[in-house]
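Chain and residue survey
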Amino acid sequence: MRGYLVAGNWKMNGSIAANTTLVSGIIAGSPANESVELLVCPPFPYLAAVSCSLSDSQVRLGAQSISEHESGAFTGETAGSMLREMGCEYAIVGHSERRALMGETSEIVAAKFQAALAAGLKPILCVGETLEQRAAGQTEAVIDEQLNTVLDATGIDAFDSAVVAYEPVWAIGTGETASPEQAQDVHRHIRAVLADRNEDVAGKVRILYGGSVKGDNAAGLFSNPDIDGGLIGGASLKFEDFLAIADAAAAVQQG
Ligand code: PGA
């Protein structure tokens, strides 16, 4: 059975003082339900300190991005081996902000996905359509391109340890969430695309929803059969908000 994963993407937010409050609050308030995994993804400079703070806890550490290269003359980049050494277990790849703002194509995202796996990290592959693409009826086509480019490069077995996050671009940071039905439709489609390659793997992959998830809409989303948790931006920056989402996952898990 797939457990829930509630992942906090802090984006470019935080400070030593704020992170200390946030992390200690999350550790103290984590639900005592082992099938709900909590993950925080701080900005790179804070990984080492947050890793130390998490060392005696069950809360996992992840990176917001990763270089597709192993080492060398890539100024400003961070290799997967470095992230592993800092205690990261996960790396987000293909977040829509990086696709839109840093020009990351699906081919680059596929290379980053492979670099994460090669370093022993679990990639969290983000996919999702813009409002214009949804309005034009292109949601599934966009997702197919983003997903199949990675699948063609890595093969389905690479998804054994991977996570997929469906993040409609129009719902990120806007306060507008996909309805549970809209999200479940796309999650079902994502699982079907994976199942076309291998049903067993598709059945095990956790598919997170991301885009304005909050404590009061999390349970409605998480109670759908193909939604296995959330990738949380804004609401991951206050431990009370993040824990409200974790509690919703725990409550749905317990039935
Ligand atoms: P949001 O961000 O929760 O602030 O909408 C989600 C994300 O970008 O991962």
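Just above, that's the structure.
Since we're looking at a predicted model, the values are computed, not measured. (Residues numbered from 1 in each chain as written. Predicted model: local features only at pLDDT ≥ 70, side-chain atom pairs only at ≥ 80, totals over all residues. Heavy atoms only, no water.)

Quick look at the packing of aromatic side chains
Put simply, the test is: Stacked, tilted and edge-to-face are the three classes assigned to paired rings of Phe, Tyr and Trp, where Trp is represented by its six-membered ring and a pair needs centres within 6.5 Å; plane angles under 30 degrees give stacked, over 60 edge-to-face, the rest tilted. Strands are runs of DSSP state E lasting at least 2 residues, helices are runs of H or I lasting at least 4, and numbering of each runs from the N terminus. Exposure categories follow from relative accessible area, calculated using a 1.4 Å probe and restricted to protein chains: below 20% of the type maximum is buried, above 50% is exposed, and the middle band is partly exposed.
Summed over the entire model, instances satisfying the criterion amount to 3 aromatic pairs. Seen in terms of ring centroids, Tyr4 and Phe222 are 5.9 Å apart; in terms of plane orientation they differ by 40°. Their pairing is tilted. Note that Tyr4 is positioned in strand β1 (residues 4–9) and Phe222 in helix α10 (residues 218–222), a separation of 218 residues in sequence. The same class applies to Tyr4 and to Phe222, which are both buried.

Describing the site of the ligand
Stated formally: We call a residue near a given molecule or strand whenever any one of its heavy atoms falls within 4 Å of it. Residues adjacent in sequence count toward polar contacts only when both atoms are side-chain atoms; beyond that, a polar contact is any pair of N or O atoms within 3.5 Å, and within protein one must be able to donate a hydrogen and the other to accept it. Each accessible area is a Shrake-Rupley estimate made with a 1.4 Å probe; only the visible protein chains count as cover when residues are assessed.
Contacts to the ligand come from 13 residues, most closely from Lys11, His95, Glu167, Gly173 and Ser212. Lys11 places a side-chain nitrogen or oxygen 2.7 Å from an oxygen atom of the ligand. Contact between the ligand and His95: an oxygen atom at 2.7 Å from a side-chain N or O atom of the residue. Protein chains bury 96% of the 280 Å² of accessible surface belonging to the ligand in isolation.

So, the sheet that holds β1
To keep it simple, the criterion reads: DSSP-based pairing: two strands are paired if at least 2 bridges between them are found. For helices, the fitted line uses only the C-alpha atoms of the stretch in contact; every axis is such a line through C-alpha atoms, and the angle between N-to-C directions lies from 0 to 180 degrees. Note on contacts: a residue pair is in contact if any heavy atoms of the two residues lie within 4.5 Å.
Pairing within the closed barrel is parallel, and its 8 strands lie in the order β1-β2-β3-β4-β5-β6-β7-β8. On average, each strand axis in the sheet is inclined to that of its neighbour by 25°, with strand direction left out of account. As paired elements, strand β2 (residues 36–41) and strand β3 (residues 60–63) share 2 bridges and run parallel to each other. Directly across from Leu39, in β3, lies its bridge partner Arg60. Docked against the sheet, helix α7 (residues 139–154) engages β5 (122–127) and β6 (163–166), running at close to 155° with respect to β5.

Let's talk about the pattern of salt bridges
Selection rule: Criterion for a salt bridge: a side-chain nitrogen of Lys or Arg within 4 Å of a carboxyl oxygen of Asp or Glu.
Evaluation of the coordinates by the stated rule reveals 14 salt bridges. For Glu37, the salt bridge is made with Arg60, and the minimal N-O distance between the two is 3.6 Å. Linking Glu37 in strand β2 with Arg60 in strand β3, this pair joins segments that are 23 residues apart in sequence. Judged by relative accessible area, Arg60 falls into the partly exposed class, the value being 24%. For Lys112, the salt bridge is made with Glu68, and the minimal N-O distance between the two is 3.2 Å. With a gap of 44 residues between them, Lys112 in helix α5 (residues 106–118) and Glu68 in the loop between β3 and α3 (80–85) connect regions that are remote in the sequence.

As for the state of the cysteines
Short version of the rule: Two cysteine sulfur atoms form a disulfide, by the criterion used here, when they sit within 2.5 Å.
Taken as a whole, this structure holds 0 disulfides when the rule is applied. With no disulfide of its own, Cys41 has Cys88 as its nearest cysteine by sulfur position, at a separation of 7.7 Å. No disulfide involves Cys126; its sulfur sits 9.4 Å from the nearest other cysteine sulfur, which is in Cys41. On the basis of relative accessible area, Cys126 is assigned to the buried category, the value being 2%.

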